[in-house]
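Read off the chains here:
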Amino acid sequence: ARGTTPGSDISAYAFAVKAGYTLPSVLRLRIGIEYDRASGDDDPSDDAFKTFENLFPTNHIHYGYMDYVGWRNMQDLRFSLGMKPTKTSGVSLDYHRLSLAEKTDNWYAASGRIFRTTPAGNTETDLGQEIDLVAYTMVKEKLRLEAGYGRFSPGDYVKTNFTAATDASDFFYLQAGMNF
């Protein structure tokens, strides 16, 4: 396989930069900004492998709850707003501006698998935008109830390369978790 033969050059990277501030108020309002990037391969036909490989790809909390983007060949500019009205409950609203790091590499999902194979000659990197709204509350000491909603609006990469997939998509979930 490409990038794994003797003499192959493996040169991949990823990083995340995050800043935030919690206002000293009753609601503990928090604002934040984050930039994440994972390298992609600028020439899939050569013997150099440059797509970052995430060892444990479960990053939906970082790159959108809909899991459309994983930490491979990606860029994510995220703006966050959250509040904790009580010690046991909270609400967050996140905006993600998602794009490919390299227009010649594929679009990878949160699982690490290829979500969409990038067609030859692609000139677009704009995957789209995702907005996530999540609310939680602790019931008793160890039971957490959570509800979330996400909406993904496709960008130019999707609109140009995949005409059958250009509609916005929505995601809703309810979750219960028990802490031990």
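Just so it is clear, the model here is predicted, and its values are computed rather than measured.

Rules behind the numbers
Residues numbered from 1 in each chain as written. Predicted model: local features only at pLDDT ≥ 70, side-chain atom pairs only at ≥ 80, totals over all residues. Heavy atoms only, no water. Helix = DSSP H or I, 4+ residues; strand = E, 2+ residues; numbered from the N terminus. Buried < 20%, exposed > 50% of the residue type's maximum accessible area, 1.4 Å probe, protein only. Contact = heavy atoms within 4.5 Å. Areas by Shrake-Rupley, 256 points an atom, 1.4 Å probe, with all protein chains shown as cover. Lys, Arg positive; Asp, Glu negative; His and termini not counted. Charge placed at Lys NZ, Arg CZ, Asp CG, Glu CD. Pairing = 2+ DSSP bridges. Axes fitted to C-alpha atoms, helices over the stretch in contact; angles between N-to-C directions. Phe/Tyr/Trp six-rings, centres within 6.5 Å; stacked < 30°, edge-to-face > 60°. Lys NZ or Arg CZ within 6 Å of the ring centre and 35° of its normal.

A. Quick look at the overall build of the protein chain. Helix and strand content of the protein chain: 2 helices and 11 strands. Walking the protein chain from its N terminus toward its C terminus, one meets helices and strands in the order β-β-β-β-α-β-β-β-β-β-β-α-β. Per-residue burial for the protein chain yields a buried fraction of 36% across its 180 residues. Considering only contacts within the protein chain whose residues lie at least 6 apart along the sequence, 62% involve residues at least 24 apart. When the accessible surface of the protein chain is summed, it comes to about 10200 Å², and 60% of that surface belongs to carbon and sulfur atoms. The averaged location of the 23 negative side-chain charges in the protein chain is 10 Å from the averaged location of its 19 positive side-chain charges.

B. Broad picture of the sheet that holds strand 11 (residues 169-178). Ordered by their spatial adjacency, 7 strands build an open sheet running 2-3-5-6-9-10-11, and the pairing between neighbours is antiparallel. Edge positions in the sheet fall to strand 2 (14-22) and strand 11, since each has one partner strand and no second. On average, each strand axis in the sheet is tilted by 15° relative to the strand beside it, whichever way the strands run. Sheet topology note: the strand 10 (residues 143-154)/strand 11 ladder contains 10 bridges and is antiparallel. Its bridge partner being in strand 11, Leu145 is matched across the sheet by Ala176.

C. Structural context of the packing of aromatic side chains. Overall, the coordinates contain 13 aromatic pairs when judged by the stated rule. The interplanar angle of 50° and the centroid separation of 5.9 Å between the aromatic rings of Phe15 and Tyr35 together place this pair among those described as tilted. Separated by 20 residues along the polypeptide, Phe15 in strand 2 and Tyr35 in strand 3 (residues 30-38) bring together distant segments of the chain. Its guanidinium or amino end placed over the ring of Phe115, Arg116 lies 5.8 Å from that ring's centre, counting from NZ or CZ. Its guanidinium or amino end placed over the ring of Tyr136, Arg144 lies 3.9 Å from that ring's centre, counting from NZ or CZ.

D. Representation of the pairing of strand 6 (residues 89-99). In the sheet, strand 5 (residues 74-86) pairs with strand 6 via 10 bridges, with the strands oriented antiparallel. Across the sheet, the residue bridging to Leu81 is Leu93, located in strand 6. Note that strand 6 and strand 9 (residues 126-139) share 11 bridges and pair antiparallel. By the bridge assignment for strand 9, Leu93 is matched with Leu133.

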